[in-house]
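Understanding the architecture of this molecule
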Amino acid sequence: MPMIPRHIHKVVEWHLRNANCIRANAFAEAEALRQKAETQSPAPEVPIKGKGGHGDQVARKAQLLAEADKILRDAPVWAAVVEETREFYAGVPSMAEFYRLYYAIGMDFVFIAQTMGKEKTTLYNWRDRIVT
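Treat the numbers as computed from the prediction; the structure is a model and nothing was measured.

Quick look at the side chain of His15
One can find His15 in helix α1 (residues 6–17). Given a relative accessible area of 13%, His15 falls into the buried group. A polar side-chain atom of His15 sits 2.8 Å from the main-chain carbonyl oxygen of Val11. Excluding anything up to four places from it in sequence, His15 contacts Ile22, Trp78 and Val82.

Pasting the structure below:
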């Protein structure tokens, strides 16, 4: 495994595997956050004192809307990263074939290993190289 944090590795790999629907997922998630912001319950007439009271409704709505905007801003960036990665490995035939089978089509390692005639450990190393 490369020397990057595991959660970053997972995020990058998720975006590579779901490149075909990044923008659609981002739009749907942003719309869900906007709907959630619009349907929040109104503040109570008598404020609750002490711990566990209601939070600031306007601030929560602003947070949800800001998160929705961030998701929509990040989607084109991830799409560009995926396209640059695809172009970078297009020059190496074996890596280009692995990229097409694993990331574009979504096949599993067993089938790819049989198709390409490679060991699964080689495919894992290629995946880690592509992600980093």
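Next comes the rest of the description.
Here we look at the nonpolar core
Judged by nonpolar contacts, the single largest core of 27 residues is most densely connected at Leu16, Phe98, Tyr103, Ile112, Leu123 and Ile130. Breaking this core down by element, the ones donating at least two residues are α1, α2 (22–38), α3 (57–88), α4 (93–105), α5 (109–116) and α6 (120–131). Considering every element that reaches this core, the biggest residue donor is α4, with 6 residues. Discounting residues that sit within four places of it in the chain, Ile130 has contacts with Leu16, Thr85, Tyr89, Met95, Phe98, Tyr99 and Tyr103.

Details of the packing of aromatic side chains
Within this structure, the stated rule accounts for 9 aromatic pairs. Where Phe98 meets Tyr102, the ring centres are 5.4 Å apart and the plane angle is 10°; that geometry is what we call stacked. Taken together, the residues span about one helical turn, with Phe98 and Tyr102 both in helix α4 at a distance of 4 residues. Residue Phe98 is classed as buried on the basis of its relative accessible area of 0%. Ring geometry for Phe98 and Tyr103: centres 6.4 Å apart, planes at 80°, overall edge-to-face. Like Tyr103, Phe98 is buried.

What counts, and at which threshold
- Residues numbered from 1 in each chain as written.
- Predicted model: local features only at pLDDT ≥ 70, side-chain atom pairs only at ≥ 80, totals over all residues.
- Heavy atoms only, no water.
- Helix = DSSP H or I, 4+ residues; strand = E, 2+ residues; numbered from the N terminus.
- Buried < 20%, exposed > 50% of the residue type's maximum accessible area, 1.4 Å probe, protein only.
- Polar contact = N/O pair within 3.5 Å; in protein donor to acceptor, adjacent residues only side chain to side chain.
- Contact = heavy atoms within 4.5 Å.
- Core = buried A, V, L, I, M, F, W, Y, C linked by side-chain atoms within 4.5 Å.
- Phe/Tyr/Trp six-rings, centres within 6.5 Å; stacked < 30°, edge-to-face > 60°.

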